[in-house]
Amino acid sequence: FFNDYLAHRYIHKHKGVFEPEVRLTMIYLSTLFMVPGLILLGFALAKHMHYGVIVVGWGSFTIGVMLASVAVTTYAIDSYPTAPGEVSGFINFMRVIGGFTVGYYQQPWGAAVGYDASFGTQAAICAVSLVPIAILHRYGKHLRFKGKEINSKQKLVTTGLVGGGYFGAFGR
């Protein structure tokens, strides 16, 4: 609901204009949950802290993941409204593959370097991943229009409407 609130607020402030990049704002908030949650979880597992600390760390991380996944999905669907099924399918496929593979490396990695180090590294990756999000937030509109421009030129060439095409073959 908060993601929609941010979008409605943006629309109201910008006189009815909506840009999909406003959806990315939620990712900044989600990082504030994910990074401390991962750090807390790693230290709780490494130092054998009370299970309540593990629950708080994991819960914080999970809240952040849920916020980020909604933001990414709504941004992608708003950016590509003509292909919502394909976009949603791809995002969900990547989420499932990512979640499935964690079971294969998380335990051995934590046992090898320590859970505080492995979860700390994951927290650092989450924090650094804000850089491409910030770039997308800033230049996403330009990139979308550039992609549409390239796509429309390709359609014109493949249909024969550019570079000779119909008139080039039969004269004017």
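Residues numbered from 1 in each chain as written. Predicted model: local features only at pLDDT ≥ 70, side-chain atom pairs only at ≥ 80, totals over all residues. Heavy atoms only, no water.

1. What about a nonpolar patch on the surface?
- Taken together, the side chains of F2, Y5, L29 and L32 define a hydrophobic patch exposed on the protein surface, amounting to about 410 Å² of accessible area.
- Put simply, the parts of the chain that give the nonpolar patch at least two residues each are α1 (2-13) and α2 (25-46).
- We classify Y5 as partly exposed; its relative accessible area is 46%. (Patch = residues over 30% accessible without salt bridge, like charges linked within 9 Å, V, L, I, M, F, W, Y side chains within 5 Å. Areas by Shrake-Rupley, 256 points an atom, 1.4 Å probe, with all protein chains shown as cover. Salt bridge = Lys/Arg side-chain N within 4 Å of Asp/Glu carboxyl O. Helix = DSSP H or I, 4+ residues; strand = E, 2+ residues; numbered from the N terminus. Buried < 20%, exposed > 50% of the residue type's maximum accessible area, 1.4 Å probe, protein only.)

2. Some words on the packing of α2 against helix α5 (residues 115-128)
- Here α2 crosses α5 at 170 degrees, and the two axes come no closer than 7 Å. As summarised for this structure, α2 and α5 are arranged roughly antiparallel, according to the angle between their axes. On the side of α2, the interface is formed by T31, V35, L38, I39, L41, G42, F43, L45 and A46, while α5 contributes Y115, D116, F119, Q122, A123, C126 and A127.
- Each residue belonging to the contact of α2 with α5 can be placed in one class, and the counts come to 12 nonpolar, 3 polar and 1 charged. (Axes fitted to C-alpha atoms, helices over the stretch in contact; angles between N-to-C directions. Parallel < 35°, antiparallel > 145°, perpendicular 65-115°, else oblique. Contact = heavy atoms within 4.5 Å. Nonpolar A, V, L, I, M, F, W, Y, C, P; charged D, E, K, R; others polar.)

3. Focus on helix α3 (residues 51-79)
- Helix length check: α3, at 29 residues, gives a terminal C-alpha distance of 42 Å against a target of 42 Å (1.5 Å per residue), a fit within 8%.
- Within the sequence span of α3, burial applies to G57, S60, F61, G64, A68, S69, A71, Y75, A76 and S79. (Expected span 1.5 Å × (residues − 1).)

4. Digging into the environment of L45
- With respect to the helices and strands, the residue L45 is situated in helix α2.
- Exposure remark for L45: the relative accessible area of 30% places this residue in the partly exposed category.
- The spacing of L45 and D116 is 71 residues in sequence and 7.3 Å in space, taken between C-alpha atoms.
- Discounting chain neighbours no more than four positions away, the residues touching L45 are I54, Y115 and F119.

5. Quick word on the layout of surface pockets
- Reported here for the largest pocket is a volume of approximately 1200 Å³.
- Counting residues per element, the ones that place at least two in the lining of the largest pocket are α2, α3, α4 (84-113), α5 and α6 (130-158).
- Considering every element that reaches the lining of the largest pocket, the biggest residue donor is α4, with 9 residues. (1 Å grid on protein atoms, 1.4 Å probe; cavity = no way out; pocket = protein on both sides within 12 Å on 5 of 7 lines; lining within 4 Å. Points joined across faces, edges and corners; volume = space filled by probe spheres on them.)

6. Examining the packing of α3 against α4
- Look at α3 against α4: their axes get within 9 Å of each other, and the N-to-C directions meet at 150 degrees. Taken together, α3 and α4 sit at an angle that is classed as roughly antiparallel. As for the relative orientation of α3 and α4, their crossing is right-handed in sense. Residue-level inspection shows S69, V72, T73, A76 and I77 of α3 in contact with α4, the latter providing P84, V87, S88, I91 and R95.
- Looking at the contact of α3 with α4 residue by residue, the class counts come to 6 nonpolar, 3 polar and 1 charged. (Left-handed = near helix turned anticlockwise from the far one by under 90°.)

7. Some details on the environment of Y139
- Examined against the element boundaries, Y139 turns out to sit in helix α6.
- Taking the C-alpha atoms as reference points, Y139 and E21, separated by 118 residues in sequence, lie 8.9 Å from one another.

8. Brief notes about the packing of aromatic side chains
- In the structure shown here, the tally under the stated rule is 4 aromatic pairs.
- Judged by centre distance (5.4 Å) and plane angle (65 degrees), the rings of F100 and Y104 are edge-to-face. Of this pair, F100 and Y104 are both found in helix α4, 4 residues apart, which corresponds to roughly one turn of the helix. Of the two residues, F100 and Y104, neither departs from the other in class, the shared state being exposed.
- Taking the centre distance of 6.2 Å and the plane angle of 45 degrees together, the rings of Y105 and W109 count as tilted. Of the two residues, Y105 and W109 both sit in helix α4, 4 residues apart, roughly one turn of that helix.
- Its relative accessible area of 38% is what places Y105 among the partly exposed residues. (Phe/Tyr/Trp six-rings, centres within 6.5 Å; stacked < 30°, edge-to-face > 60°.)

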